[in-house]
Amino acid sequence: MNLPIHLGVASAATQIEGGNLRHTWTDWHKKGHIKDNSNPSRACDHWRRWREDIDLMAEMGIAHYRFSIEWARLEPENGFYDGSAAVQYRQMILYMKSKEITPLMTLHHFTHPMWFEEMGGFANPENIPVFLKFVAYAIRTFGDLVEEYVTINEPNVFAVQGYYASEFPPGQKSAATAIKVMSIMACCHVKAYQLIHQMRQEMGLNGTKVGFAHHMRVFTPVKRDSTWHSTCAKTMAWLFQGALTKACLTGRFLPPMKTYTKIEPGEYSDFLGLNYYTRSTITGTKYGTKADAPINDLGWEIYPKGIATCATKLYETLPRPIYITENGTCDNTDNFRSRYIYDHLLALAKTKLPVTRYYHWCFTDNFEWCEGESSRFGLVHVDYETQKRTIKDSGRFYMEMIKTQTMTPEMINIDKMWM
Ligand code: BGC
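The structure contained in this document is the topic of the report that follows. Small disclaimer: the values here were computed from a predicted structure and weren't measured.

Criteria and cut-off values
Residues numbered from 1 in each chain as written. Predicted model: local features only at pLDDT ≥ 70, side-chain atom pairs only at ≥ 80, totals over all residues. Heavy atoms only, no water. Phe/Tyr/Trp six-rings, centres within 6.5 Å; stacked < 30°, edge-to-face > 60°. Helix = DSSP H or I, 4+ residues; strand = E, 2+ residues; numbered from the N terminus. Buried < 20%, exposed > 50% of the residue type's maximum accessible area, 1.4 Å probe, protein only. Salt bridge = Lys/Arg side-chain N within 4 Å of Asp/Glu carboxyl O.

Quick word on the packing of aromatic side chains
Per the stated rule, a full pass over the model turns up 30 aromatic pairs. Relative to Phe142, the ring of Tyr89 lies with its centre 6.1 Å away and its plane at 85 degrees, an arrangement referred to as edge-to-face. Taken together, the residues span a long stretch of sequence, with Tyr89 in helix α4 (residues 83-98) and Phe142 in helix α6 (residues 128-142) at a distance of 53 residues. There is no split in this pair, since Tyr89 and Phe142 are both buried. With 6.2 Å between their ring centres and 80 degrees between their planes, Tyr277 and Phe377 make a pair best called edge-to-face. Within this pair, whereas Tyr277 is found in strand β6 (residues 272-283), its partner Phe377 is found in the loop between β9 (355-361) and β10 (380-383), the two being separated by 100 residues in sequence. Neither Tyr277 nor Phe377 differs from the other in exposure class; each is buried. Every member of this aromatic cluster is reached through a ring pair, and the members are Trp71, Trp115, Phe116, Phe122, Phe131, Phe134, Phe158 and Tyr163.

Re the pattern of salt bridges
Side-chain pairs of opposite charge can arise where the charged atoms are in close proximity. Going through the model one piece at a time under the given rule, you end up with 22 salt bridges. As a salt-bridge pair, Asp365 and Lys392 come within 2.7 Å of each other at their nearest N and O atoms. Within this pair, whereas Asp365 is found in the loop between β9 and β10, its partner Lys392 is found in the loop between β11 (388-391) and α12 (393-404), the two being separated by 27 residues in sequence. Relative accessible area serves as the criterion here: at 0%, Asp365 is assigned to the buried category. Residue Lys392 is classed as buried on the basis of its relative accessible area, which comes to 9%. One connected set of salt bridges, linked through shared partners, spans Arg42, Glu373 and Glu385.

Written as structure tokens, this is what we have:
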């Protein structure tokens, strides 16, 4: 099968860079939230090994890279910018470009400086301009080098994990605050979308593309004939992702979301960024995994068709080119990752949707938030003690697909299927 899609890789600053910064995840392990008690100060030491990592990416033939910048590194205190961090990010981007790797820059991926958090972070609507000030700084600093931006990664996961499930900082447990945070982040996305376009235009630059990375799942009722289960599945889908899709893509804030700044209905995405991993099975107000379903090493159901279902939902809201900004799986032994990729790409190919990019999550193994270093999502293995990188079988499969621009079942080892 031909692959008319650009295959790239994704990462996020906090998960790979390492270093002792003052951001929201720095001390989170001290409260016992991280399974193996690791913390992001080590990660993949990418801040020092970036050249080696970009070289490896280029060797693998990867020409599209989604990465994020660490706000706490660039603006360690409110209004104080560390020029040396900006210089290094610029070197990194220039180096990528010299290797013909096109950058897609994420401005916020789950972490921000403690000073911003101490002001109430995204739970305080008065901080919308503070976030936008950082966005303006990022565009002034990198705008000449980068055309494409993800404003915010997964506002729903950030809000639910941090303010309802209490697994991410700040560890609160309030549904109302989670919805408020999600709404404020949606306002931030829309305003950032406008600002980035305006600034790059004033800089005389063309080709600007801005979107957000939306985490979506399929919500399915446990009993299809149960009205209660179906209603719960629909409600959960709306609360977790449907209302956010509308707000971020079209500026329409429908209940339970609301605006915290003036926003006109409009079109606020140049591409549809989708992060897809799994499906959730709904039993009443609880969610879980379908019995007997194939699962990954974190117990998440592997449900390839869902990537097409979610992409279709986005496209129906706003018809734009689709970027799969993340798709991948926790497979600690690399037994089924190739098969996972194969089946998800196949599911996309069966649709008529304009899916133009696929960024695999992740390039290398990395610091997986609450799972720490124990959960491996990479195409490239990282030995955290020695920081040695080794391309996995799935990485070799990815290289072959990029090289041949085709995908055939013979390319993957069928013994390594999960079913
Ligand atoms: C996040 C990544 C994370 C991945 C796997 C996504 O929700 O954007 O940062 O590592 O899922 O859990």
